[in-house]
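Listed below, chain by chain, are the residues.
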Amino acid sequence: MEGSREEPCKQVDLGMTRVFELFGKRWTGLIVSVLMQRAVHFAELRRAIPGISERMLSDRLTELAAAGLVVREVDAGPPLRVAYRLTEAGAAMEPALRELGRWAEKHLPGERGCPERG
């Protein structure tokens, strides 16, 4: 339009785009939140996140490892067991994730606490 000031083109911040490309996927944040507590074996991690399939958990762990946030450690056993832990970069997400959790408690409606298992 003639005489109107044009707004500069605004785009989403590149850093935010990269964060949500990874953490915007279902289950990723939950996996990291479990691993914030300690290293966890695969089966224990799956039990800690109701509804996640083995395949999806494996896929998300692979993505987190590729991003440098998770390390896979094999205990030769017997029995052979695989554990996952956060790297230094993954552990550095803790303050941000805790703050998001506090925000959700305050601003998002819904259930609180541990769901009952049937």
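Residues numbered from 1 in each chain as written. Predicted model: local features only at pLDDT ≥ 70, side-chain atom pairs only at ≥ 80, totals over all residues. Heavy atoms only, no water.

Draft legend 1. Up close: the layout of surface pockets. Roughly 190 Å³ of volume is contained in the second largest pocket. Lining of the second largest pocket is provided by Met16, Val19, Phe20, Phe23, Gly24, Gly29, Met93, Ala96, Leu97 and Leu100. If you list the elements that add at least two residues to the lining of the second largest pocket, you get α1 (14-23) and α6 (94-107). Per element, the largest residue contribution to the lining of the second largest pocket is four residues, and it comes from α1. (1 Å grid on protein atoms, 1.4 Å probe; cavity = no way out; pocket = protein on both sides within 12 Å on 5 of 7 lines; lining within 4 Å. Points joined across faces, edges and corners; volume = space filled by probe spheres on them. Helix = DSSP H or I, 4+ residues; strand = E, 2+ residues; numbered from the N terminus.)

Draft legend 2. Representation of the sheet that holds strand β2 (residues 70-75) in the model. Sheet architecture is open: three strands sit in the order β1-β3-β2, paired in antiparallel fashion. Strands at the two margins of the open sheet, each flanked by one partner only, are β1 (40-41) and β2. Bridging between β2 and strand β3 (residues 81-86) involves six bridges; their strand directions are antiparallel. If you follow arginine 72 over to β3, its bridge partner there is tyrosine 84. (Pairing = 2+ DSSP bridges.)

Draft legend 3. Highlighting the pattern of salt bridges. The tally for this structure, following the rule as stated, stands at eight salt bridges. Ionic pairing is found between aspartate 59 and arginine 55, a salt bridge with its closest N-O pair at 3.3 Å. Here arginine 55 and aspartate 59 lie together in helix α4 (residues 54-66), a separation of four residues that amounts to about one turn. Relative accessible area serves as the criterion here: at 62%, arginine 55 is assigned to the exposed category. The partner of arginine 98 in a salt bridge is glutamate 94, and the shortest N-O contact between them spans 2.8 Å. Pair noted here: arginine 98 and glutamate 94 are both in helix α6, with a separation of four residues, about one helical turn. A network of salt bridges, in which partner residues are shared, links Lys25, Arg60 and Glu63. (Salt bridge = Lys/Arg side-chain N within 4 Å of Asp/Glu carboxyl O. Buried < 20%, exposed > 50% of the residue type's maximum accessible area, 1.4 Å probe, protein only.)

Draft legend 4. A look at the nonpolar core. If you look at the biggest cluster of nonpolar residues, it comprises 22 residues, and the most contacted ones within it are Ile31, Leu35, Leu45, Leu61 and Val70. Looking at this core element by element, the count peaks at four residues for helix α2 (residues 28-35). (Core = buried A, V, L, I, M, F, W, Y, C linked by side-chain atoms within 4.5 Å.)

Without other data, these values stay purely geometric and don't point to any function.
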